[in-house]
Amino acid sequence: MITDTQPQRPDIFALPNVHNIEVNPSKLEDIPVRVCRFVWVLAKEYPLWTFKVVGWRTFKVFKDGEELGQIGEEWYGSKQAITVRNDRIAQQNERKNAYHTQDIEKAVLRVKKMFKPMTLLERMNKARTDANAVLLRQYRGANRNTQVLRNQMDQSLMEYAYAHMGQYMMWLKDKQDLTMLGVIESHEKSKVDMQTIEEAQKAFDDKHKHALIVLADGKYIVKVLDNVQLYDDTTLPHDLRGKLGMLKLVEAEQMVTGIGCRVSDEIFVVLHESNAETK
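Residues numbered from 1 in each chain as written. Predicted model: local features only at pLDDT ≥ 70, side-chain atom pairs only at ≥ 80, totals over all residues. Heavy atoms only, no water.

Asks: Would you take a moment to explain the packing of helix H1 (residues 33-45) against helix H3 (residues 104-114) for this structure?
Replies: In a pair of packed helices, the angle between the axes and the distance between the axes together describe the arrangement. Remark: H1 packs on H3, axes separated minimally by 10 Å, with the N-to-C direction vectors making an angle of 40°. The angle between H1 and H3 places the two elements in the oblique class. In the packing of H1 onto H3, the handedness of the crossing is right-handed. For the pair formed by H1 and H3, the contact residues are Arg34, Arg37, Phe38, Val41, Leu42 and Glu45 on the first element and Ile104, Ala107, Val108, Val111 and Lys112 on the second. Of the residues assigned to the contact of H1 with H3, the class counts are 7 nonpolar, no polar and 4 charged. (Axes fitted to C-alpha atoms, helices over the stretch in contact; angles between N-to-C directions. Helix = DSSP H or I, 4+ residues; strand = E, 2+ residues; numbered from the N terminus. Parallel < 35°, antiparallel > 145°, perpendicular 65-115°, else oblique. Left-handed = near helix turned anticlockwise from the far one by under 90°. Contact = heavy atoms within 4.5 Å. Nonpolar A, V, L, I, M, F, W, Y, C, P; charged D, E, K, R; others polar.)

Asks: Just to check I follow, could you spell out the pattern of salt bridges for this structure?
Replies: Where charged atoms of side chains with opposite charge meet at close range, the side chains can pair. What the rule picks out here adds up to 10 salt bridges. The salt bridge involving Asp154 is made with Arg150; its shortest N-O contact spans 3.0 Å. With a gap of 4 residues between them, Asp154 and Arg150 both fall in helix H4 (residues 120-163), about one helical turn apart. Residue classification places Arg150 among the partly exposed residues on the basis of a relative accessible area of 48%. A salt bridge links Glu188 to Lys191; the nearest nitrogen and oxygen atoms lie 3.5 Å apart. (Salt bridge = Lys/Arg side-chain N within 4 Å of Asp/Glu carboxyl O. Buried < 20%, exposed > 50% of the residue type's maximum accessible area, 1.4 Å probe, protein only.)

Asks: Before we go on, may I ask you to explain the pairing of strand S4 (residues 66-76) in this structure?
Replies: In this sheet, S4 lies alongside strand S3 (residues 58-63) in antiparallel orientation, the contact comprising 6 bridges. Residue pairing in the sheet places Lys60 in a bridge with Gln70 of S4. Between the end of S3 and the start of S4, which pair antiparallel, lie 2 residues, with Asp64 showing a positive phi angle near 55°. As defined by bridge partners, S4 adjoins strand S5 (residues 79-85) across 7 bridges and the pair is classed as antiparallel. Bridge assignment links Glu74 to a residue of S5, and that residue is Ala81. Count of turn residues in the S4/S5 antiparallel hairpin: 2 residues, of which Gly77 carries a positive phi of about 70°. (Pairing = 2+ DSSP bridges.)

Asks: Got a minute to help me understand the packing of aromatic side chains in this structure?
Replies: Note on aromatic pairs: each is described by the distance of the centres and the angle between the planes. What the rule picks out here adds up to 5 aromatic pairs. Arranged with centres 6.4 Å apart and planes meeting at 45°, the rings of Trp49 and Phe51 form a pair that is tilted. Comparing Trp49 with Phe51 shows no difference in burial state: the two are buried. Each residue in the set Tyr46, Trp49, Phe51 and Phe115 is aromatic and connected to the rest through ring pairs, giving one cluster. A cation over an aromatic ring shows up here: Lys52 above the ring of Phe62, its NZ or CZ 4.9 Å from the ring centre. When the ring centre of Tyr99 is taken as origin, the NZ or CZ atom of Arg110, which lies over that ring, is 4.4 Å away. (Phe/Tyr/Trp six-rings, centres within 6.5 Å; stacked < 30°, edge-to-face > 60°. Lys NZ or Arg CZ within 6 Å of the ring centre and 35° of its normal.)

Asks: Even after reading the chapter, I still don't get the sheet that holds strand S9 (residues 227-231), so can you show me in this structure?
Replies: Strand order in the open sheet made by the 6 strands is S9-S8-S7-S12-S11-S10, with antiparallel pairing throughout. Strand pairing shows two members of the sheet lacking a second neighbour, S9 and strand S10 (254-256), which therefore form its edges. Neighbour to neighbour, the strand axes of the sheet diverge by 20° on average, direction disregarded. Most of the contacts of helix H7 (residues 238-247) go to strand S12 (residues 267-271), to which it runs at about 125°, and overall it touches strand S7 (210-216), strand S8 (219-224), S10, strand S11 (260-262) and S12.

See below:
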């Protein structure tokens, strides 16, 4: 009980069962007076309990090596409140995991009621929770490690397969893996398509290596270098006419290796070496 004879700021560390294990000694004087008075009352009444300061507002309470809970002060709402916390309190309060009050005597009563050694059922429930946490942590760690090693193996296997593609394809044929054989065939075709696109892109970036042709009203507007000319079917330069004819056979946004690209129904990019105006 709080009495008038209790020191306003009791020297809690003068008591044999109150210890500092984590806080810089220079910070001990910052422990709130209310927390000191709270600890003083409990430490005097329960001399077999051990109080260890773990933060300038928090103490852990032990009995025979078993942690009974934590006491101290923390923000609650708009002001600092005395705090009493342990698993038993947390299980009874779904929305908050601690008891808060402005009254030291109420906090002392809550400690007396809730700070007791765990029952057999509580101990088994805690053991189950701890075991589950450890197993889950171990599983996640092992899974991460397995994935890292698997990624390293996959990289090595890919390098081997690329270096020995003939053997790899024979192995696929032996196991009749038609799906993967189809994937490899599509991949090779995709590489050719990519090379074609790169070739057209580089040519388009170099005005000396392409001609831009726009079909309009049966005529051909042709830009080569900085020169724009208008042609018809009879006057269109022969080298452009042949490539344009091939591009007309494909759909819009399609490439033809060594020829160029049909951008749309009316626009064509033709690969074309130009050092002078097209004649």
